[in-house]
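An overview of the molecular structure
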Amino acid sequence: MDVFELLAHPARLRIVHALGGDRILTTSQLCARLPDVSKATVYRHVELLAGAGILEVAEERRVRGAVERRYRLRRDRAAVDADTAAALSRDDHRQVFATALGVLLAEFNAYLDHETADPATDLVGYRQHAIWLDRAELEQLITGMRAAIVPHLSHPPDAGRGRYLLSPILFPVEPPDTEPPRSRPDTGGA
């Protein structure tokens, strides 16, 4: 199974999210963070992700005669490379987008179900903006977003830091026009 297939599954993507931000967790701890996913499912998908090298065993210890493994995410292995993304069919993109949205909704519901959830205090945001960009402006926007986000990806867990799920989504709503949009004539005002 390739990285695309592995990450295109909702339970596996949620496991990847749970281990993001340099977390090291046992499978039991992952189960606690994904209460709406059965334990058997979490264990099965952790095994698949570890077998593919997306998760690695950070520590092992004996607990009541059994071996307890603590896993960490290998961020370098948990991404679909540009060549693979370019080779995806439109249906593949539909499937991955639907999975990503489903996972995002599940994560948001899990947040709201927590008794301490306070969207206003937690600065929860979900805004959409329609913007006009040419290719150079689009590339500049993406570069700027990466410059703003990437430095924060390496922050370790620490007292006073909360984990946030940031999900930038960008796609053209309509193909570019060959003619510039016409402005409305000034009708004068009263």
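Described below are features of the structure shown in this document. (Residues numbered from 1 in each chain as written. Predicted model: local features only at pLDDT ≥ 70, side-chain atom pairs only at ≥ 80, totals over all residues. Heavy atoms only, no water.)

A few points about the nonpolar core
Keep this limit in mind: Among buried residues, those of type Ala, Val, Leu, Ile, Met, Phe, Trp, Tyr and Cys that are joined through side-chain atoms within 4.5 Å constitute a nonpolar core. Residue burial is assigned from relative accessible area. The probe radius is 1.4 Å, only protein chains are included, and a residue is buried under 20% of its type maximum, exposed over 50%, and partly exposed in between. Helical segments are the DSSP runs of H or I of at least four residues, strand segments are the runs of E of at least two, and each set is numbered from the N terminus. By the convention used here, residues are in contact when the closest approach between their heavy atoms is within 4.5 Å.
Ile-15, Leu-19, Leu-30, Val-42, Ile-54 and Leu-55 are the most contacted members of the largest nonpolar core, which has 20 residues in total. For this core, the secondary-structure elements that each account for two or more residues are helix H1 (3-7), helix H2 (10-19), helix H3 (27-33), helix H4 (39-51) and strand E3 (66-73). Among the elements that make up this core, the one with the highest residue count is H2 (five residues). When near neighbours in sequence (up to four residues on either side) are disregarded, Val-42 contacts Ile-15, Thr-27, Leu-30, Cys-31, Leu-34 and Val-37.

Comments concerning the sheet that holds E3
The line we're drawing: Note on pairing: DSSP must find at least two bridges between two strands before they are called paired. As a rule, the C-alpha atoms of each element are fitted with a line to give its axis, helices using only the stretch in contact, and angles between N-to-C directions run from 0 to 180 degrees.
Taken in spatial order, the three strands line up as E1-E3-E2 in an open sheet, and their pairing is antiparallel. Each end of this open sheet is capped by a strand with a single partner; those strands are strand E1 (24-26) and strand E2 (55-63). Averaged over all pairs of adjacent strands, the angle between their axes in this sheet comes to 30°, without regard to strand direction. Direction of pairing for E2 relative to E3: antiparallel, over a ladder of eight bridges. By the bridge assignment for E3, Leu-55 is matched with Leu-73. Strands E1, E2 and E3 of the sheet are contacted by H2, whose axis makes an angle of about 85° with E3.

All we've got here are geometric facts, nothing functional implied.
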